[in-house]
Amino acid sequence: MFRFLTIRALQAIPVLLIIATMTFFMVHAAPGGPFSKERKVTPEVLRNLNAQYGLDQPLWKQYGNYLWKAVHGDLGPSYKYANRTVSELIGDSFPVSAELGFWAMLIALAIGLPAGILAALKPNSWLDYLPMSIAMLGICIPTFVLGPVLALTFGIRLEWFDASGWFSWRDRVLPAITLGFFTAAYIARLTRGGMLDVMNQDFIRTARAKGASELRVLFHHALRGGLLPVISYLGPAIAAEITGSFVVETIFNVPGLGRYFILSAFNRDYTMVLGTVLFYASIIILLNLVVDVLQVLLNPRLRFD
Amino acid sequence: MVLAFSLMLGGLGCHKEKKTVLAQEQGILLINNGVEPEDLDPQTATGVSEHSIFLAIYEGLVSEDPHDLHPVPGVAESWDISPDGLVYTFHLRKDAKWSNGDPVTAQDFYDSYHRILTPELGSDYIYMHFFTKNAEAYATGKIKDFSQVGYRVVDPLTFEITLTTATPFFLSVMNHASWYPVHIPTVKKFGGLARKAAFWTKAGNCVTNGAFTLQEWKQQSIIRCVKSRNYWDAKTVKLNEIVFYPIESSNTEERAFRAGQLHKTNELPLSKIPWYRENRPDLLRQEPYLGTYFFRVNTRKPPLDNPKVRLALAMSIDRKMIVEKITRGGQLPADSYTPPGTANYTAEAKIPTDFAKARQLLAEAGYPDGKGFPKLDLMFNTLESHRTIAEAIQEMWRNNLHIDIGLTNLEWKVYLDAQDTENYQICRAAWIGDYADPQNFLDMWVKGGGNNHTGWDNPEYNALYAKLQNTSIPADRISIFQKMEALLMAEAPILPVYWYTRVYLIRPEVQGWYPNILDHHPYKYVWFGKPEASH
């Protein structure tokens, strides 16, 4: 496994380099710059600002400088938020997104797994139709609809939770449900599919023929294989949730990373775009690696090669 | 699931004390500031959200009356103006202090103004100082000796400013953030004088001289300003704290307001205005705002190089319909450019909505009943209301002039790039005044004006502007403004649509928040009181 992990870590280097290169040149190719504004500044001011941030240098030199600094852990200053560095902004906002993602994933798993398992155990019954219908609703109802509905119901009408902000536990509930409900729906569908697939296989019939109880069949034999599709999905799902959701963060005014991920591109905040993209890519690479390891551990037919 | 969740949490109770009530008891004002400030350096920041916070934590030589914003003493307790209107001598008060206890002196202003005019700083609002003698020459590197610029420290409590030409509205201009002083030792300590991106504006580092000081700044979450013990007029300040939230979505802030989390919103979604007007008028404010929504026309591109075509387009816009059916926030139809009542000036020249006249002008331009008129393109940046207005105007021109206009929606920076390079035919635009004087609206259309972007160049207009620079008699200035606006309306390089309003929600217990066209609300005059005492 050590060799496997080392190889994957080495493979990540060119991947990140390609991502950084593509992002760098694409964001610089977009019309408009970080300092273009509706009120035109004097040419002298623009020249001085560009010089201060090194934007007056040839693009290849800017690229080299960026890479050199990034390798040394310096992601540069944010062009938009003048008194903050990119590392600071990511450092401040990522814990918020990670916490939101954690609660959302907890909700998603707590709802999605039992619903999917139940539906698979009693296919074509109301225990299948009801959770799966709700799951379908969860997939179909976009977060920008669910979020405001929850805020209006539980934030304003019932006054149980706050309608926006990120200060106390009351602020965590509604965005976590909004984000988690969508993921729960997917997990329920995937769990049902995976479980049905496994439950129809020969080794399950054998186990039952040997007199194993339904609970033993479920937990000892079926779950391992049945959850493999869910585990594959969890990698990108966790990455998406802990790097934040722009929509949910906007609806509930959560100070997470998702907002920077989207808005930095609109602001032409070059360093912030690169920083968030590289960070996001690293998280995905890392989580995919974790998922691969888990899959091998759960499925004896797979090996670390 | 929602039902089960509701039952599970039923024990939470549904009558928790509202944040606004608790905050009011402690003298804390909770307001939404719209967006996260880019920085809190008054010499480099440019946005409205930043200025809203500067009003709490900084004070210039002059301050402004909360009702009508006329200049009142700030750090300077009095001032003298020379008979020719060129030299302003400010007498600073002895008890003005920075938040760290240092005295505020004339040298602070001198050094601060030196800083903003330093070319390397790259301040966007550097031009706000160009009223001062030789300031522009220094900022553009034509002179290197700052002592030639019209700022002079007479003694620690006397500061003198010499202007290039008499500028009657100069004291009002000085309430712009670019005229606030910064604490130079702090700026030097955390980054240096000429660096835009420096850490001196972080909470804990920041030293200010206003009624409040910056205590906490959590990015995208909260900015907390507390009453300054060192402020010279602390006895007037009633609030203990102001908390600024950066909620960007108007729907989110409206929900937060309803949930009792805010005393004041930044704006109000268009769709909610009728409801509040009908049901809760006590919470709704609609106030005139010094800004114009208009369309730029690229006068270099045929057939838009013909003033008759431009006038025909302008006359075919049903502005009344736009403000009544689309914007719905009490905006005024703009039949001229400068907002009415700007420093006692209201334009006499108008572009009326007159469909028959518009058709006649189009025919005179060679396009009777729209025949042969090439397909043009109207460009706007991404915002639902911009799209709706553009579609309405497209329909108006189709119905009234029988011409076909295409619409192009561009992302903000792409739109700015297209506008800057004049790579457009007709484009949406807006101008919000920095100070209440018609010059702030009319100077942008002179030849080479940095914000002109229309290619319009009228020698008579340029000559009037030059004449304005040597005129300080108010009646003469008004007369010149009228002539300039008449030329602008006659040639229509821009198509005015409406004059802005500020539409927002505010709790009735917030007192001292008076309507004014710059939307400036000096917080030292804001307090909590009984709703009956409201204006």
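Cut-offs applied
Residues numbered from 1 in each chain as written. Chains lettered and ligands numbered in written order. Predicted model: local features only at pLDDT ≥ 70, side-chain atom pairs only at ≥ 80, totals over all residues. Heavy atoms only, no water. Helix = DSSP H or I, 4+ residues; strand = E, 2+ residues; numbered from the N terminus. Buried < 20%, exposed > 50% of the residue type's maximum accessible area, 1.4 Å probe, protein only. Contact = heavy atoms within 4.5 Å. Areas by Shrake-Rupley, 256 points an atom, 1.4 Å probe, with all protein chains shown as cover. Lys, Arg positive; Asp, Glu negative; His and termini not counted. Charge placed at Lys NZ, Arg CZ, Asp CG, Glu CD. Pairing = 2+ DSSP bridges. Salt bridge = Lys/Arg side-chain N within 4 Å of Asp/Glu carboxyl O. 1 Å grid on protein atoms, 1.4 Å probe; cavity = no way out; pocket = protein on both sides within 12 Å on 5 of 7 lines; lining within 4 Å. Points joined across faces, edges and corners; volume = space filled by probe spheres on them. Nonpolar A, V, L, I, M, F, W, Y, C, P; charged D, E, K, R; others polar. Expected span 1.5 Å × (residues − 1). Buried area = accessible area lost by both parts, 1.4 Å probe. Polar contact = N/O pair within 3.5 Å; in protein donor to acceptor, adjacent residues only side chain to side chain.

### So, the overall build of chain A
Across its full length, chain A holds 13 helices and 0 strands. Across chain A, helices and strands are ordered from the amino to the carboxyl terminus as α-α-α-α-α-α-α-α-α-α-α-α-α. Relative to its 305 residues, chain A shows a buried fraction of 50%. Here the analysis covers contacts within chain A between residues at least 6 apart in sequence; of these, 73% occur between residues at least 24 apart. When the accessible surface of chain A is split by element, carbon and sulfur atoms take 69% of a total near 14400 Å². The average position of the 25 basic charges and that of the 19 acidic charges among the side chains of chain A differ by 5 Å.

### Section: the side chain of B:T208
With respect to the element layout, B:T208 can be found in the loop between α7 (184-189) and β8 (212-218). In contact with B:T208, other than residues within four places in its own chain, are B:I57, B:Y58, B:W98, B:S99 and B:T213.

### A word on the pairing of strand β9 (residues 222-227) of chain B
Residue and element names in this part refer to chain B. Two strands pair when backbone bridges link them, and β8 and β9 are joined in this way by 6 bridges, in the antiparallel orientation. If you follow T213 over to β9, its bridge partner there is V226. Following β8, the chain reverses through 3 residues before pairing antiparallel with β9; Q220 in that reversal takes a positive phi of roughly 60°.

### Considerations on the pattern of salt bridges
All names here are of chain B. Scanning the entire structure with this criterion turns up 35 salt bridges over all chains. With a shortest N-O distance of 2.8 Å, R224 and E241 are connected by a salt bridge. Here E241 lies in strand β10 (residues 241-245) and R224 lies in strand β9, a separation of 17 residues in the sequence. The class of E241 is buried, set by a relative accessible area of 17%. It is possible to trace a salt-bridge network through shared partners that takes in K375, E395, R398 and D404.

### Quick notes on the layout of surface pockets
Residue and element names in this part refer to chain B. Taken as a whole, the second largest pocket spans an internal volume of roughly 1000 Å³. Surrounding the second largest pocket, 37 residues form its lining, Y127, F130, E136, D443 and Y465 being those nearest its centre. Residues that form the lining of the second largest pocket fall into these classes: 16 nonpolar, 15 polar and 6 charged.

### Structural notes on the pairing of strand β7 (residues 158-162) of chain B
Residue and element names in this part refer to chain B. With 5 of 5 residues buried, β7 lies mostly within the body of the structure. Here β7 shows a buried face lined by T158, E160 and T162 and a second buried face lined by F159 and I161. Sheet topology places strand β6 (residues 151-155) next to β7; 4 bridges connect them, and they run antiparallel. Residue pairing in the sheet places D155 in a bridge with T158 of β7. If you look at the hairpin formed by β6 and β7, you'll find 2 residues sitting between the two strands.

### Brief notes about helix α17 (residues 474-491) of chain B
Residue and element names in this part refer to chain B. With 18 residues, α17 should cover 26 Å at 1.5 Å per step; its first-to-last C-alpha distance of 26 Å lies within 8% of that length. Those residues of α17 that sit buried are R477, I480, F481, Q482, M484, E485, L487, L488 and M489. Packed against the buried residues of α17 are α10 (307-315), α15 (439-442), α16 (459-468) and β16 (494-505). A492 lies just past α17 and shows a positive phi near 45°.

### Some words on unusual backbone geometry
All names here are of chain B. Backbone torsion omega between P302 and P303 reads 0°, so that peptide bond is classified as cis. Mapped onto the elements, P303 comes out in the loop between β11 (284-297) and α10. We note that A343 has phi near 50°; this positive angle belongs to a residue other than glycine. As for its position among the elements, A343 is in the loop between β12 (332-333) and α12 (355-364). With a relative accessible area of 33%, A343 lands in the partly exposed category. Residue H402 is not a glycine yet carries a positive backbone phi of 60°. Relative to the helices and strands, H402 resides in the loop between α13 (384-401) and β14 (405-410). Assessed through its relative accessible area of 41%, H402 is described here as partly exposed.

### As for the interface of chain B and chain A
Contact with chain B, which involves 70 residues of that partner, is made by 56 residues of chain A. Contact between chain B and chain A buries roughly 5700 Å² in total, counting both sides, with carbon and sulfur atoms accounting for 54%. Applying the counting rule to chain B against chain A returns 8 salt bridges. Across the contact surface, chain B and chain A share 25 residue pairs in polar contact (both at pLDDT 80 or more). Elements represented by at least two residues in the side of chain B that touches chain A include exactly α1 (2-8), α8 (250-258), α14 (412-420) and β15 (426-432) of chain B. No other element matches α14(B), which puts 7 residues into the side of chain B that touches chain A. Here the residues of the side of chain B that touches chain A sort into 31 nonpolar, 19 polar and 20 charged.

### A few points about the sheet that holds strand β13 (residues 376-381) of chain B
All names here are of chain B. Strand order in the open sheet formed by 6 strands is β12-β16-β11-β15-β13-β14, and the pairing between neighbours is mixed. Every interior strand has two partners, whereas the edge strands, β12 and β14, have only one. Pairing geometry for β13 and β15, over 2 bridges, is parallel. Note that in β15 the partner of L378 across the bridge is I426.

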